[in-house]
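# Coordinate analysis (summary)
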Amino acid sequence: MPVMKDIRNIVILSGAGISAESGIDTFRSEGGLWERHRVEDVATPEAFARDPDLVLRFYDMRRAAIQTKEPNAAHLALARLDAEWPGELLIVTQNVDDLHERAGAERVLHMHGEHLLAWCTACDTRSPWTGTLIERPPCPVCGERALRPDVVWFGEMPYRMDEIYAALREADLFVSIGTSGAVYPAAGFVRNAREMGAHTLELNLEPSKGTRWFEEARHGPATQIVPAWVDEVLSAAS
Ligand code: OAD
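What counts, and where the lines are drawn
- Residues numbered from 1 in each chain as written.
- Predicted model: local features only at pLDDT ≥ 70, side-chain atom pairs only at ≥ 80, totals over all residues.
- Heavy atoms only, no water.
- Domains from an automatic or database assignment.
- Contact = heavy atoms within 4.5 Å.
- Buried area = accessible area lost by both parts, 1.4 Å probe.
- Salt bridge = Lys/Arg side-chain N within 4 Å of Asp/Glu carboxyl O.
- Polar contact = N/O pair within 3.5 Å; in protein donor to acceptor, adjacent residues only side chain to side chain.
- Helix = DSSP H or I, 4+ residues; strand = E, 2+ residues; numbered from the N terminus.
- Buried < 20%, exposed > 50% of the residue type's maximum accessible area, 1.4 Å probe, protein only.

With that settled, consider the domain arrangement of the chain. On domain assignment, one finds that the chain holds domain 1 (1-23 + 71-112 + 158-238) and domain 2 (25-68 + 113-151). Taking only C-alpha atoms into account, the centre of domain 1 sits 26 Å from that of domain 2. Taken together, the contacts link 16 residues of domain 1 with 14 residues of domain 2. With both chains or domains summed, domain 1 and domain 2 bury close to 1100 Å², and 55% of this area falls on carbon and sulfur atoms. Among the residues domain 1 hides against domain 2, the three largest losses belong to Ala16, Val96 and Tyr159. Together they make up 43% of the total. Across the domain 1-domain 2 interface, the total number found is zero salt bridges. Run the count over domain 1 and domain 2 and you get five residue pairs in polar contact (both at pLDDT 80 or more).

Now for the side chain of His110. Tracing the backbone through its elements, the reader meets His110 in strand β3 (residues 108-110). Residue classification places His110 among the buried positions, given a relative accessible area of 7%. A distance of 2.6 Å separates a polar atom in the side chain of His110 from a polar atom in the side chain of Glu101. With near-sequence residues (within four places) excluded, His110 lies in contact with Thr93, Asn95, Val96, Asp97, Glu101 and Tyr159.

You can see Ala122 is positioned in the loop between β4 (113-120) and β5 (126-128). As for Ala122 and Val96, which are separated by 26 residues in sequence, their C-alpha atoms are 22 Å apart. Setting aside residues no more than four positions away along its own chain, Ala122 makes contact with Cys142, Glu144 and Ala146.

See the structure below:
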């Protein structure tokens, strides 16, 4: 661990592993989502054009499921870090659930979109959405029946990349939590951060695909290793 007094700007990248202990399926573990559903059937623009009912039903089920789950100790610890950390901090999440926010974190950026927003492809607005889209409801803004899940599909550009790269350029510490390192551009953030001089730390159940790129790694369940790390950071900084 670097000397904490030298750390001011922190960027955290979170993935499905941080929500696993809340009961939300990860993508690539045994029995994970991408073992039960083919990406090409449910998570590409081509799939949506070919079989919109299948895609909308899949996301309607996921949207309903996340609303029955609760943030866990790892989300709560990051919310505490967000509230108490005096320097810059950004939680870049690949997750489309809202558990970081429900834990109380404010500095959160959803690079892969959010289940609880519907995107109108007619007027390009996003509306809060907790219900279903399968029945093709009208857009609350323009009335067109052109809503889709506001989730980034394979082949689409993740959101707010300029803001993310700007934060990585300024980061003193980059921490990756609960992500397999299988999907770019997120999987490349560790190298961007290192090139810019940040210390890099992986917190994951097991070594990720990109574990060799991190200067430091701690392995175990997020509900244990994330609160322990947050305690360490906040007590070293005080
Ligand atoms: P993955 O399912 O690929 O990886 C989850 C990671 O979390 C794995 O490395 C697990 O070892 C780890 N993990 C599992 N349980 C854990 C626990 N209790 N504590 C800590 N770590 C745990 O999920 P992501 O890396 O988030 O994109 O996947 C990245 C993207 O691929 C997703 O955002 C999604 C998916 O396709 C889109 O849908 C655009």
